[in-house]
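Each chain, written out:
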Amino acid sequence: MADKKIDIQKLAALCGRMRIELIDLLFHAQTGHPGGSLSCCEILTLLYQDVMHIDPANPQMPGRDRLILSKGHAAPMLYLNLVHKGFIPAEELKNFRQIDSMLQGHPCQHKTPGVDASAGPLGLGLSVGCGMASAAKMRNQDYFVYVLLGDGEIQEGSVWEAAMSASKLKLDHLIAILDHNHVQLDGTNDEIMPMGDIGAKFRAFGWRVLHCDGHNLQELSESIRQAQAGGGSPTVIIAETVKGKGVSFMEGKNIWHGSPIDPSHYQQAMAELGGNGNG
Ligand SMILES: Cc1ncc(C[n+]2csc(CCOP(=O)(O)OP(=O)(O)O)c2C)c(N)n1
Ligand SMILES: [Mg+2]
């Protein structure tokens, strides 16, 4: 347990660094999605840097764990994780969102090593995850399939069709993580489409439901460990998060879903995060 604590501290420091790198990346690109990237920083970092069985030297390794970034607009946080894990060189970041770049605005499985599934249109990733988890079952492989969902995204009906299939097929190596930041593009979830008791909904569809603080690496890690224990049904971890986490003026504000960062906001964000803000 002592070793695990050291890992958590290291990961927390890495998350701090990646928030700075994210603001730098999006400031220089003058495009991209800060809010939903910051809310899933701990989730993606824990998975890529600690939990997932993956090999940057062999991105297509058949027995690897898979991750589907169903809320594909959080691609910048995925790319930073792929850089830190060694899948892609850091220099590629300067080409983020450029035509023909390997780092498109949304993940592309054909361009970027380490990306398991293309995404962008919301509502599709859980179905892709069902397919991957079914394939593992059919082939007697035991890899895990993680699907990161947005809380606006789960208003899509296709998510619930996939949820139905996953429990019917007993996909207990399918682990959905909901980035529950309570905000979507145009407002809060409650303003746009209240989802009520999300846990009760997943339970009604035959899923096991876990709750945790999505910025607390220890809690997240414990939830993932419990989810991996399987038991014949898929698991969803409802991770409570804050959209824009770490940058005070972005926190909980839908305006920062996808706005470009101007120089004064860049300086303010860097001052708060402890970055040098040298542009
Ligand atoms: C099918 C589809 N409809 C609309 C969009 C445009 N869109 C991109 S992100 C977003 C809001 C998503 O909100 P949420 O799932 O809560 O994401 P997060 O808060 O984690 O950024 C919308 C409507 C899209 N990408 N796909
Ligand atoms: Mg949201």
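Residues numbered from 1 in each chain as written. Chains lettered and ligands numbered in written order. Predicted model: local features only at pLDDT ≥ 70, side-chain atom pairs only at ≥ 80, totals over all residues. Heavy atoms only, no water.

Draft legend 1. Geometry of the nonpolar core. Within the largest apolar cluster, 59 residues are counted, with the highest numbers of intra-cluster contacts made by Ile 23, Leu 44 and Ile 177. The element contributing the most residues to this core is helix H1 (residues 2-29), with eleven residues. Setting aside its immediate chain neighbours within four residues, Leu 44 contacts Gln 49, Leu 67, Leu 69, Met 77, Leu 78, Asn 81 and Leu 148. (Core = buried A, V, L, I, M, F, W, Y, C linked by side-chain atoms within 4.5 Å. Buried < 20%, exposed > 50% of the residue type's maximum accessible area, 1.4 Å probe, protein only. Helix = DSSP H or I, 4+ residues; strand = E, 2+ residues; numbered from the N terminus. Contact = heavy atoms within 4.5 Å.)

Draft legend 2. Focus on the coordination of the magnesium ion (ligand 2). Here the magnesium ion (ligand 2) is held by the protein donor atoms Asp 151 (OD), Asn 181 (OD1) and Val 183 (O), which lie 2.1 Å from it. Sequence spacing among the residues donating to the magnesium ion (ligand 2) works out to D-x29-N-x1-V. Within this pair, whereas Asp 151 is found in the loop between strand E2 (145-150) and helix H6 (157-168), its partner Val 183 is found in the loop between strand E3 (174-180) and helix H7 (189-192), the two being separated by 32 residues in sequence. (Donors = N, O, S within 2.8 Å, 3.2 Å for Na, K, Ca; no water.)

Draft legend 3. Up close: the packing of helix H3 (residues 41-51) against helix H4 (residues 75-85). Following both chains from N to C, one finds H3 and H4 inclined at 30°, their axes separated by 10 Å at the closest point. Comparing the axis directions of H3 and H4 gives the class roughly parallel. Crossing of H3 over H4 shows right-handed handedness. Contacts from Cys 41, Leu 44, Thr 45, Tyr 48 and Gln 49 of H3 reach H4 at Met 77, Leu 78, Asn 81, Leu 82, His 84 and Lys 85. (Axes fitted to C-alpha atoms, helices over the stretch in contact; angles between N-to-C directions. Parallel < 35°, antiparallel > 145°, perpendicular 65-115°, else oblique. Left-handed = near helix turned anticlockwise from the far one by under 90°.)

Draft legend 4. Spatial organisation of the sheet that holds E3. Within the open sheet, the five strands sit side by side as E1-E2-E3-E5-E4. Their pairing is parallel. If you trace the sheet from one side to the other, it starts and ends with strand E1 (66-69) and strand E4 (208-213), each paired once. Geometrically, the sheet is characterised by an average inter-axis angle of 20° between neighbouring strands, direction not taken into account. The sheet contact formed by E1 and E2 spans four bridges and is parallel. Bridged to Leu 69 within E2 is Leu 148. (Pairing = 2+ DSSP bridges.)

Draft legend 5. Structural context of the packing of aromatic side chains. Following the criterion strictly, the structure yields seven aromatic pairs and no others. Ring centres 4.6 Å apart and planes at 45° place the aromatic pair Trp 160 and Phe 202 in the tilted group. With a gap of 42 residues between them, Trp 160 in helix H6 and Phe 202 in helix H8 (residues 198-204) connect regions that are remote in the sequence. By the burial criterion, Trp 160 is buried, and Phe 202 matches it. Ring geometry for Trp 160 versus Phe 205: centroids 5.1 Å apart, planes at 50°, classification tilted. Remark: Phe 205 occurs in the loop between H8 and E4 and Trp 160 occurs in helix H6; sequence separation between them is 45 residues. One cation-aromatic arrangement involves Arg 66 over Tyr 143; the distance from NZ or CZ to the ring centre is 3.8 Å. (Phe/Tyr/Trp six-rings, centres within 6.5 Å; stacked < 30°, edge-to-face > 60°. Lys NZ or Arg CZ within 6 Å of the ring centre and 35° of its normal.)

Draft legend 6. Structural detail: the pattern of salt bridges. For the structure shown, the criterion picks out five salt bridges. As a salt-bridge pair, Arg 19 and Glu 42 come within 2.8 Å of each other at their nearest N and O atoms. With Arg 19 in helix H1 and Glu 42 in helix H3, this pair connects stretches of sequence that are 23 residues apart. Classification of Arg 19 by relative accessible area gives buried; the value is 7%. Across the pair Arg 64 and Asp 116 runs a salt bridge whose closest N-O atoms are separated by 2.9 Å. (Salt bridge = Lys/Arg side-chain N within 4 Å of Asp/Glu carboxyl O.)

Draft legend 7. Just helix H9 (residues 217-228), in detail. Its twelve residues place the ends of H9 16 Å apart at the C-alpha level, agreeing with the 16 Å of an ideal helix rising 1.5 Å per residue. Every buried residue belonging to H9 is among Leu 217, Leu 220, Ser 221, Ser 223, Ile 224 and Ala 227, and all of these are buried. With its buried residues spanning 160° around the axis, H9 presents them on a single face. The N-cap residue of H9 is Asn 216: its side-chain oxygen and the backbone nitrogen of Gln 218 are 3.0 Å apart. (Expected span 1.5 Å × (residues − 1). Arc of directions from axis to C-beta. Polar contact = N/O pair within 3.5 Å; in protein donor to acceptor, adjacent residues only side chain to side chain.)

Draft legend 8. Geometry of the site of ligand 1. The local shell around ligand 1 holds 17 residues, among which Lys 71, His 73, Asp 151, Val 183 and Lys 243 are the closest. Within the contact set of ligand 1, a nitrogen atom lies 3.0 Å away from a backbone nitrogen or oxygen of Leu 122. Note that an oxygen atom of ligand 1 is positioned 2.8 Å from one of the backbone N or O atoms of Glu 153. Protein burial of ligand 1: of its 590 Å² of free accessible surface, 75% is covered by the chains. (Near = heavy atom within 4 Å. Areas by Shrake-Rupley, 256 points an atom, 1.4 Å probe, with all protein chains shown as cover.)

Draft legend 9. Region of the structure containing unusual backbone geometry. A positive phi is found at Asn 140, a non-glycine position, where the angle reads about 55°. By secondary structure assignment, the location of Asn 140 is in the loop between helix H5 (125-138) and E2. Unlike most non-glycine residues, His 182 shows phi in positive territory, near 70°. Take His 182: it is sitting in the loop between E3 and H7.

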